[in-house]
Amino acid sequence: MNQKTSSKCWWRYRASEDNGRIRLGDPGLRPELRRRARSYTCVLVVSILTIWGALSIFYGAVFLRSSLANNINIHVIDLDHGFIGANVTRMILDIHATPSTPVWLAKTDIQSLDQAKAWVRDHGWGALVINSGASDRYHKALSSGGGYNASDAMTLVESSGRMVIAGMLFVQPAMVAAAGQVSQRFAAQQVANYKSAQPQEQTNLSVLLRPISYTTVDVAPEAFLLAPIMTAFGFLACLLSAVGVMIMWKLASFSFFIQVRFRDLTLMWLALILGMALILSLYLSLAFLAFRGPEYNSAALTYTPATFFKIWFTGFAVVLALSLWLFTWFLNLPPIFVTLPSVFTVVPNIISCISTFELAPTLYRFMYATPFFNGTRIVQYIVSGAYPTLGRNIGVLVGEIVVMGIALAGSVWLRQVLALRGISDPQGWFRSSMYFQSPIPYYKIDEESTVPRSTKRPNHLLSTENTLSVGRDPLAIEDDIRISDCNMDSTEQTIGNLGV
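Residues numbered from 1 in each chain as written. Predicted model: local features only at pLDDT ≥ 70, side-chain atom pairs only at ≥ 80, totals over all residues. Heavy atoms only, no water.

### Here we look at helix 3 (residues 30-62)
Here is step 1: In this model helix 3 runs 48 Å from its N-terminal to its C-terminal C-alpha over 33 residues, within 8% of the 48 Å that 1.5 Å per residue would give.
Here is step 2: Every buried residue belonging to helix 3 is among Glu 32, Ser 39, Val 46, Thr 50, Ala 54, Gly 60, Ala 61 and Val 62, and all of these are buried. (Helix = DSSP H or I, 4+ residues; strand = E, 2+ residues; numbered from the N terminus. Expected span 1.5 Å × (residues − 1). Buried < 20%, exposed > 50% of the residue type's maximum accessible area, 1.4 Å probe, protein only.)

Shown next, in the form of structure tokens:
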């Protein structure tokens, strides 16, 4: 009976393993529990502030989107210069403007439909073009009864490659609604004029009832299914994959900072991050190729081997810039704050891909500098030819890579100084933290520093820790690592002090 009871309650007490341990409710453990509770509360507060900050940035960028649509301009271009052109232009410009719809403007310096298409592809959101000779064709068909195609009167020129989501939500609906509204009003106007005038026997009633209509041309098509999320989530997948690797590098590199020269460390991290970005971006381009890459849109630019490499190296530049930026922070941030750079880097970059700055408050103009935005603009131009700003986008990415590389070198230097002076431990905790455990003595040689910080605890905790410690200290530096410093390096490793 006793044997059966003890087998059922084995989890309560095991003499062979629990000997020397204390209960969680032990009075001597209460000060330590209070310190832990304060520390965990700080972690919770940081997490809450991170959530509020990230969501505030995201929602702040999109919640006014519908009321800022009037920052987008769509143009009406009259190539007819006749009866239809004048009436349609006046009707378009008379449309009541609201904050939730784009604004219509007249553009008078365009001389042909091809010129209008080129202008929209390079500079505009879209245009309603009244085609040349529309009035002549209408009057001739109305009186002669010959064949007439109402769709030849107007052409809606759009460029979905400029910004897919903004185009789908605001530009395309506004153009279609305006063209339909104008077609109905013009037809009603012509019927009213016909009734008030002397009817002619040769009037073509079918032309009279449907005098104008439109066709749609997408000069830079990118309206394939993957378009709204292709670059945003492609870059995000690469970046999140890199984050885990870089955190592992930070946690497993303490001995390098203790025994390797600064310049060698800097070159090593730059080479590792460059190689990682090159590999991850390769799979980004392969994924686009696999999921309907070459035939993503029959009307778009032809997918060639050059397209594959352009997308690859665009992704490489984006991932490299952001990896350098994040690793610069990771090296010297304590674990409680290590997620902050990732959150506040990812959120603005994602917003810059799925929204457009014309639809966001002025504060968010800083997102023009995000790597995701500039990489997305380059990819959109590669696959559609829309809104070419390659010089600016490439310049921003290259500049960010250079600046982040310099910042990383500074972060490596700081990490090495803090490690050698016993200020920062392998996990990144500083001496002020209760979790601090560094094998390097504090560089200030005084009475306080002669006693390791980890030993300044109650005696009953010390005895418990001694009982629990089994085997080699996982933080200890391997004895078989012997890298001699150059004479130019003023470093004393016996006490962890940088000579100055």
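### Quick notes on the nonpolar core
Here is step 1: Ranked by internal contacts, the top residues of the largest apolar core, which has 88 residues, are Val 88, Leu 128, Phe 327 and Phe 372.
Here is step 2: Looking at this core, the element that brings in the most residues is helix 12 (residues 305-330), giving 13 residues.
Here is step 3: Not counting chain neighbours up to four residues away, the residues in contact with Leu 128 comprise His 75, Val 76, Ile 77, Val 88, Ile 92, Trp 104, Met 154, Thr 155, Leu 156 and Ala 179. (Core = buried A, V, L, I, M, F, W, Y, C linked by side-chain atoms within 4.5 Å. Contact = heavy atoms within 4.5 Å.)

### Section: the packing of helix 12 against helix 13 (residues 340-354)
Any two packed helices are characterised by how steeply their axes cross, that is the angle between the axes, and by the distance between the axes.
Here is step 1: For the pair helix 12 and helix 13, the least separation of the axes is 10 Å and the interaxial angle reads 155 degrees. Classified by the angle between their axes, helix 12 and helix 13 sit roughly antiparallel to one another. The handedness of the crossing between helix 12 and helix 13 comes out as right-handed. From helix 12, Leu 322, Trp 325, Leu 326, Trp 329 and Phe 330 reach across to helix 13, where they touch Pro 341, Ser 342, Thr 345 and Asn 349.
Here is step 2: Of the residues in the contact of helix 12 with helix 13, the class split is six nonpolar, three polar and no charged. (Axes fitted to C-alpha atoms, helices over the stretch in contact; angles between N-to-C directions. Parallel < 35°, antiparallel > 145°, perpendicular 65-115°, else oblique. Left-handed = near helix turned anticlockwise from the far one by under 90°. Nonpolar A, V, L, I, M, F, W, Y, C, P; charged D, E, K, R; others polar.)

### Structural notes on the packing of aromatic side chains
Note on aromatic pairs: each is described by the distance of the centres and the angle between the planes.
Here is step 1: As enumerated under the stated definition, the model contains 20 aromatic pairs in all.
Here is step 2: With a centroid separation of 5.4 Å and 90 degrees between ring planes, the pair formed by Phe 308 and Phe 309 is classed as edge-to-face.
Here is step 3: Given a relative accessible area of 13%, Phe 308 falls into the buried group.
Here is step 4: Exposure remark for Phe 309: the relative accessible area of 43% places this residue in the partly exposed category.
Here is step 5: Each ring, one from Phe 357 and one from Tyr 368, has its centre 4.1 Å from the other, and the planes form 55 degrees; the classification is tilted. Highlighted residues: Phe 357 in the loop between helix 13 and helix 14 (371-384) and Tyr 368 in the loop between helix 13 and helix 14, separated in sequence by 11 residues.
Here is step 6: Looking at Tyr 368, the relative accessible area reads 33%, which means it is partly exposed.
Here is step 7: Among the aromatic residues, ring-to-ring pairing joins Phe 308, Phe 309, Trp 312, Phe 313 and Phe 316 into one connected group.
Here is step 8: The ring of Tyr 387 has Arg 162 sitting right over it, with the charged end atom 3.9 Å from the ring centre. (Phe/Tyr/Trp six-rings, centres within 6.5 Å; stacked < 30°, edge-to-face > 60°. Lys NZ or Arg CZ within 6 Å of the ring centre and 35° of its normal.)

### Observations concerning unusual backbone geometry
Note: most peptide bonds trans; most residues except glycine with negative phi.
Here is step 1: Phi is positive for His 81, close to 55 degrees, though the residue is something other than glycine.
Here is step 2: Of note, His 81 is situated in the loop between strand 1 (73-78) and helix 4 (83-93).
Here is step 3: The class of His 81 is exposed, set by a relative accessible area of 65%.
Here is step 4: You will see that Tyr 387, though not glycine, has its phi angle at about 50 degrees, which is positive.
Here is step 5: Tracing the sequence through the fold places Tyr 387 in the loop between helix 14 and helix 15 (390-420).
Here is step 6: Look at Tyr 387 and you get partly exposed, because its relative accessible area is 23%.

### Section: the side chain of Thr 370
Here is step 1: If you trace the backbone, Thr 370 turns up in the loop between helix 13 and helix 14.
Here is step 2: We classify Thr 370 as buried; its relative accessible area is 7%.
Here is step 3: Not counting chain neighbours up to four residues away, the residues in contact with Thr 370 comprise Pro 348, Asn 349, Ser 352 and Glu 400.

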